[in-house]
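Structural characterization, general
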Amino acid sequence: MEIKVLKDYNELSSTVADIVETQIKEHLLSKLALPTGDTPLGMYDELVNKKLDWSHVITFNLDVYLMNINHPESYQSYMRKNLFDRTNIYPDHCHFPFRPFSGFEDKISGSMGIDLCILGIGSNGHIAFNEPGSSFLSRTRVVNLSEQTIKDNSRFFGTVDDVPTQAITMGLGTIMESKKIILIASGDHKLNILNVAMNGEVTEDVPASILQNHENVEVYYCD
Ligand code: PGA
């Protein structure tokens, strides 16, 4: 698969924000699947600056930690801070994985599915919180976070012991039903896993490798 290498983080952020803008302008009723983490922060800033009309947009976050949703590091707090509170999106249109998981899945498929899914990639090849070994057929569910993910994400929490150990994530099967998928990665430390996932064997040991089986995926990288 082609990995489009961009000049720097600003170009990565503006390129992906432009793709989201086009999606929203062409289809007012767009359904987006959205990521958290460090990589999309620039994209969210760019999107806010575009002052788009989000009043018809529906969002589904890829994953949430199992933790107090009002904690500053919860993904609900992250999304409010970085996007939702800075646009005119309706809070009722912003969905996070919830129980029963079948209800969350129904909300996605009931609204004709996700038009555009933006993904990051973990250093172990995870997408959303589908850790290595996740079934390619998996749906929304509770997962245990891998040691690697807990270590990687400890930078947000101060210590490894404060990182939640479980999460709810959209499944790989759920993600693959998106009409279009954009994967973004930033930094040297992501380059090797990105190459393995996009050009190596398609295997559940590298969850992002499933994207090789999707017909409408674009991959953007900057170092
Ligand atoms: P990051 O996370 O953007 O903070 O590197 C990516 C991921 O773990 O999916």
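Residues numbered from 1 in each chain as written. Predicted model: local features only at pLDDT ≥ 70, side-chain atom pairs only at ≥ 80, totals over all residues. Heavy atoms only, no water.

This part is about the pairing of strand β2 (residues 31-34). Burial along β2 is two-sided: the face carrying Lys31 and Ala33 and the face carrying Leu32 and Leu34 are both buried. Note that β2 and strand β3 (residues 58-61) share 4 bridges and pair parallel. Counted as the bridge partner of Ala33 is Phe60 from β3. With helix α2 (residues 41-49) bridging β2 and its parallel neighbour β3, the resulting β-α-β unit is right-handed. As paired elements, β2 and strand β6 (residues 116-119) share 2 bridges and run parallel to each other. Its bridge partner being in β6, Leu32 is matched across the sheet by Leu116. (Buried < 20%, exposed > 50% of the residue type's maximum accessible area, 1.4 Å probe, protein only. Helix = DSSP H or I, 4+ residues; strand = E, 2+ residues; numbered from the N terminus. Pairing = 2+ DSSP bridges. Right-handed = clockwise from strand over helix to strand, strands pointing away.)

Here the structure, examined in full by the defined rule, presents 9 aromatic pairs. Note on Phe60 and Phe104: the rings are 6.0 Å apart at their centroids and 70° apart in plane angle, and the pair reads as edge-to-face. Of the two residues, Phe60 sits in strand β3 while Phe104 sits in helix α4 (residues 101-110), which places them 44 residues apart along the sequence. Taking 6.4 Å as the distance between ring centres and 70° as the angle between the ring planes, the aromatic pair formed by Tyr75 and Tyr78 counts as edge-to-face. Note that Tyr75 and Tyr78 are positioned in helix α3 (residues 75-82) at a spacing of 3 residues, about one turn of the helix. For Tyr78, a relative accessible area of 12% puts it in the buried group. (Phe/Tyr/Trp six-rings, centres within 6.5 Å; stacked < 30°, edge-to-face > 60°.)

Let's shift gears to α3. Across the 8 residues that make up α3, a large majority, 6, are buried. Taken as a whole, α3 has its buried residues at Tyr75, Gln76, Ser77, Tyr78, Met79 and Asn82.

In the structure shown here, the tally under the stated rule is 0 disulfides. Free of any disulfide, Cys117 has its nearest cysteine sulfur in Cys94, 16 Å distant. Classification of Cys117 as buried rests on a relative accessible area of 0%. Among the cysteines around Cys222, which has no disulfide bond, Cys117 carries the closest sulfur, lying 19 Å off. Residue Cys222 is classed as buried on the basis of its relative accessible area, which comes to 0%. (Disulfide = S-S within 2.5 Å.)

Close contacts around the ligand come from Gly37, Asp38, Thr39, Gly120, Ile121, Gly122, His126, Arg155 and Lys190, and that covers them all. Here Asp38 contributes a backbone N or O atom positioned 2.8 Å from an oxygen atom of the ligand. Separating an oxygen atom of the ligand from a side-chain N or O atom of Lys190 is a distance of 2.7 Å. Out of a free accessible area of 280 Å², the ligand has 85% covered by protein chains. Put simply, the ligand lies in the largest pocket. Counted by class, the shell around the ligand contains 1 nonpolar, 5 polar and 3 charged residues. (Near = heavy atom within 4 Å. Polar contact = N/O pair within 3.5 Å; in protein donor to acceptor, adjacent residues only side chain to side chain. Areas by Shrake-Rupley, 256 points an atom, 1.4 Å probe, with all protein chains shown as cover. 1 Å grid on protein atoms, 1.4 Å probe; cavity = no way out; pocket = protein on both sides within 12 Å on 5 of 7 lines; lining within 4 Å. Sits in = over half its atoms within 2 Å of the grid points. Nonpolar A, V, L, I, M, F, W, Y, C, P; charged D, E, K, R; others polar.)

It is worth spelling out the nonpolar core at this point. Counting 41 residues, the largest nonpolar core has Val20, Leu47, Trp54, Leu83 and Ile118 as its most contacted members. When residues no more than four places from it in sequence are discounted, the contact partners of Trp54 are Val20, Ile24, Leu32, Leu47, Leu83, Thr87, Asn88 and Ile89. Formed by 32 residues, the second largest nonpolar core is a distinct cluster that contains Phe104, Met176, Ile210 and Leu211. (Core = buried A, V, L, I, M, F, W, Y, C linked by side-chain atoms within 4.5 Å. Contact = heavy atoms within 4.5 Å.)

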